[in-house]
Amino acid sequence: MTRKPLLAGNWKMNLDHLEAISLVEGLAAHLKDANFDYDKADVVVIPPFTDIRSVQTVVEADELGIAYGAQDVSVHESGAYTGEVSAAMLSKLGVKYIVVGHSERREYHNESDQLVGEKARVALAGGMIPIICCGEGLDVRKAGKQVEHVLSQIDGALEGISAEDVARSVIAYEPIWAIGTGEVATPEDAQEVCGAIRERVAELYDQNTADAVRVLYGGSVKSSNVKEIMAKPDVDGALVGGASLKAEEFSKIVNFEA
Ligand SMILES: O=C[C@H](O)COP(=O)(O)O
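Residues numbered from 1 in each chain as written. Predicted model: local features only at pLDDT ≥ 70, side-chain atom pairs only at ≥ 80, totals over all residues.

**Student:** I would appreciate a short explanation of the nonpolar core in the present structure.
**Tutor:** Soluble globular proteins: nonpolar side chains tend toward being buried together. The biggest cluster of nonpolar side chains holds 75 residues, and the ones touching the most others in it are Ile98, Ile131, Ile132 and Tyr173. Broken down by element, the residue count for this core peaks at six residues, all from helix H1 (residues 17-33). Each residue touching Tyr173, except ones within four places of it in the same chain, is listed here: Cys134, Gly135, Val150, Ala190, Val193, Cys194, Ile197, Val215 and Tyr217. (Core = buried A, V, L, I, M, F, W, Y, C linked by C-beta atoms within 7 Å. Buried ≥ 20, exposed ≤ 12 C-beta atoms within 10 Å, placed from the backbone. Helix = DSSP H or I, 4+ residues; strand = E, 2+ residues; numbered from the N terminus. Contact = placed C-beta atoms within 7 Å.)

This is the structure we're talking about:
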């Protein structure tokens with residue numbers, strides 16, 4: 001089964017709405033110059049909440065083939081939940097993807113696998129695609145327990161999600177020790193865990209679901225290393241942080257030569 005590659009740029013807490021407009025316009029211009037074929041890969045930008053409306057305006061006005069996402073979602077529908085943003089609000093803004101369970105939210109906001117799973121279900125129920133993040137810290141990696149650790153995160157996050165919904169979901173393996181450090185997992189490291197995730201999905205559901213779900217790698221991805229990582233059979237794309245903040249660099253990542 002061929003899975004369409006997905007290259008997503010997680011801007012994290014960077015760029016105001018004016019800078020967001022400029023980055024999306026710059027990215028689109030670089031892709032146009034490179035004659036990028038949007039059938040080749042899904043291109044996604046994931047700005048902070050405050051930039052989403054501006055990104056929507058640019059994407060719609062210029063009819064860009066770029067999709068956009070959100071970095072989090074509330075599990076609540078509406079009401080007295082100060083600071084929260086609902087799935088319905090995001091859907092109304094044309095959001096297609098929602099990152100859930102990023103290691104930074106797990107660490108700084110104590111998000112558990114169960115909460116991550118709940119957020120994934122909320123995204124799916126709202127018609128959007130969750131990008132479910134998982135990954136081990138350096139201590140776990142040093143102990144050689146990365147596969148076991150990630151699979152237990154996956155078990156928790158996928159609980160109660162149907163096979164059909166898992167098939168349209170995205171899972172992002174991001175070893176914490178490789179995030180923002182310049183330390184990239186080797187393509188073999190990425191394949192080991194991404195392959196194990198796919199096998200787990202086959203065990204929990206069936207082979208068709210495992211063949212359909214897209215599994216990304218994230219952690220210090222750049223234009224200089226994306227090709228070798230993407231060459232691995234179970235790596236379907238990348239969740240990019242720092243390098244997605246530069247239009248030209250992210251356009252090169254997106255337009256990786258297969
Ligand atoms: O969501 C993206 C990841 O945390 C990777 O970030 P990075 O590319 O800056 O290492």
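**Student:** Just to check I follow, could you spell out the site of the ligand for this structure?
**Tutor:** Around the ligand, the structure places 14 residues, and the nearest of them are Asn10, Ile179, Gly218, Gly241 and Gly242. The residue makeup of the shell around the ligand, split by class, is five nonpolar, eight polar and one charged. (Near = placed C-beta within 6 Å. Nonpolar A, V, L, I, M, F, W, Y, C, P; charged D, E, K, R; others polar.)

**Student:** Would you explain the confidence of the model for the protein in this entry?
**Tutor:** Close inspection of predicted coordinates is inappropriate in any region flagged by low pLDDT. Scored by pLDDT, the protein has a mean of 96; 99% of the residues are at 70 or more. Predicted as a complex, the structure gets a pTM of 0.97 and an ipTM equal to 0.98. (pLDDT = per-residue confidence, 0-100.)

**Student:** Which parts of the structure should I look at to understand the packing of helix H7 (residues 146-158) against helix H9 (residues 187-204)?
**Tutor:** Interhelical geometry of H7 versus H9 gives an angle of 40° and a closest axis separation of 10 Å. Classed by the angle they form, the pair H7 and H9 counts as oblique. The element H7 and its partner H9 pack so that their crossing is right-handed. Taking contact as the criterion, the partners of Gln146, Val147, Val150, Leu151, Ile154 and Leu158 in H7 are, on H9, Glu192, Val193, Ala196, Ile197, Arg200 and Leu204. The residue inventory of the contact of H7 with H9, partitioned by class, reads nine nonpolar, one polar and two charged. (Axes fitted to C-alpha atoms, helices over the stretch in contact; angles between N-to-C directions. Parallel < 35°, antiparallel > 145°, perpendicular 65-115°, else oblique. Left-handed = near helix turned anticlockwise from the far one by under 90°.)

**Student:** Where do I start with the UniProt feature "active site" (unreviewed entry) in the protein in this structure?
**Tutor:** When the UniProt feature table is mapped onto this chain numbering, "active site" (unreviewed entry) sits at His102 and Glu174. Across 73 residues in sequence, these annotated residues keep their C-alpha atoms within 8.5 Å of one another, forming a single compact spot. For Glu174, the position within the fold is in the loop between strand S6 (170-173) and H9. Overall, the presence of 29 C-beta atoms within 10 Å leaves Glu174 in the buried class. (UniProt positions renumbered as here; feature names shortened; annotations may be inferred.)

**Student:** Just to check I follow, could you spell out the environment of Val45 for this structure?
**Tutor:** If you trace the backbone, Val45 turns up in strand S2 (residues 42-46). For the pair Val45 and Glu77, spaced 32 residues apart in sequence, the C-alpha to C-alpha distance is 24 Å. In this view, Val45 contacts Gly9, Trp11, Val24, Val55, Ile66 and Tyr68; residues no more than four positions away in its chain are not counted.

**Student:** Looking at this model, I keep getting lost on the packing of helix H5 (residues 113-125) against H7. Mind explaining?
**Tutor:** For any two helices packed against each other, the geometry is given by the interaxial angle and the distance between the axes. Where H5 contacts H7, the axes come no closer than 7 Å and their chain directions differ by 45°. Accordingly, the angle class assigned to the pair H5 and H7 is oblique. Note that H5 runs across H7; the crossing there is right-handed. Residues Asp113, Gln114, Val116, Gly117 and Ala120 of H5 touch H7, and the partners they reach there are Gln153, Gly156, Ala157 and Leu158. Partitioned by chemical class, the residues of the contact of H5 with H7 number four nonpolar, four polar and one charged.

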